[in-house]
Amino acid sequence: ELKRQKGKKVATLVVEGDELDSKPYMVALVAATLSTHAVIAVSSFAQIASHHGWVEGSVVSLVVAVVSWMCADLGSGIFHWSVDNY
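Small disclaimer: the values here were computed from a predicted structure and weren't measured. (Residues numbered from 1 in each chain as written. Predicted model: local features only at pLDDT ≥ 70, side-chain atom pairs only at ≥ 80, totals over all residues. Heavy atoms only, no water.)

**Describing the packing of aromatic side chains**
Step number 1: A complete count under the given rule lists one aromatic pair for this structure.
Step number 2: Aromatic pair Phe 45 and Trp 54: ring centres 5.7 Å apart, planes at 50°, arrangement tilted.
Step number 3: Look at Phe 45 and you get partly exposed, because its relative accessible area is 30%. (Phe/Tyr/Trp six-rings, centres within 6.5 Å; stacked < 30°, edge-to-face > 60°. Buried < 20%, exposed > 50% of the residue type's maximum accessible area, 1.4 Å probe, protein only.)

Here you go:
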């Protein structure tokens, strides 16, 4: 049984009964997710390159990737700023 002292807040990172081992199904799920994202990225790049040409398509793909990353980071930052209460 986990107990904490009265009046003191202690961060609990592991709850009793939690396991931190990687299971084979977890590894397979991560591998499948990574593979799916890789296929989608290659397919998208090929479509952009076929429409704009390989050089311009590469530049467009790079710009889209950087802007997408920045927007995702901004959105994540705004979300966590709005809900985190320290």
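**Some words on the environment of Ile 48**
Step number 1: Take Ile 48: it is sitting in helix 1 (residues 24–52).
Step number 2: In this structure Ile 48 comes out as partly exposed when scored by relative accessible area, which is 23%.
Step number 3: Other than its neighbours up to four places away in sequence, Ile 48 contacts Gly 53, Gly 57, Val 60 and Ser 61. (Helix = DSSP H or I, 4+ residues; strand = E, 2+ residues; numbered from the N terminus. Contact = heavy atoms within 4.5 Å.)

**Quick word on helix 1**
Step number 1: End to end, helix 1 covers 42 Å across 29 residues, agreeing with the expected 42 Å (1.5 Å per residue, within 8%).
Step number 2: Gly 53, located one to two residues past helix 1, shows a positive phi value of around 95°. (Expected span 1.5 Å × (residues − 1).)

**Here's the deal with the pattern of salt bridges**
Step number 1: Evaluation of the coordinates by the stated rule reveals one salt bridge.
Step number 2: Between Lys 23 and Glu 19 there is a salt bridge whose closest N-O contact spans 2.7 Å. (Salt bridge = Lys/Arg side-chain N within 4 Å of Asp/Glu carboxyl O.)

**A few points about the environment of His 52**
Step number 1: Inspection of the secondary structure puts His 52 in helix 1.
Step number 2: What makes His 52 partly exposed here is its relative accessible area of 33%.

**Observations concerning the packing of helix 1 against helix 2 (residues 54–83)**
When two helices pack together, their arrangement is given by the angle between their axes and by how far apart the axes lie.
Step number 1: Where helix 1 contacts helix 2, the two axes come as close as 7 Å, and the packing angle between them is 135°. Regarding the angle of helix 1 to helix 2, the classification is oblique. The hand of the helix 1/helix 2 crossing is right-handed. Facing helix 1, whose interface residues are Phe 45, Ile 48, Ala 49 and His 52, helix 2 presents Trp 54, Glu 56, Gly 57, Ser 58, Val 60 and Ser 61.
Step number 2: Of the residues assigned to the contact of helix 1 with helix 2, the class counts are five nonpolar, four polar and one charged. (Axes fitted to C-alpha atoms, helices over the stretch in contact; angles between N-to-C directions. Parallel < 35°, antiparallel > 145°, perpendicular 65-115°, else oblique. Left-handed = near helix turned anticlockwise from the far one by under 90°. Nonpolar A, V, L, I, M, F, W, Y, C, P; charged D, E, K, R; others polar.)

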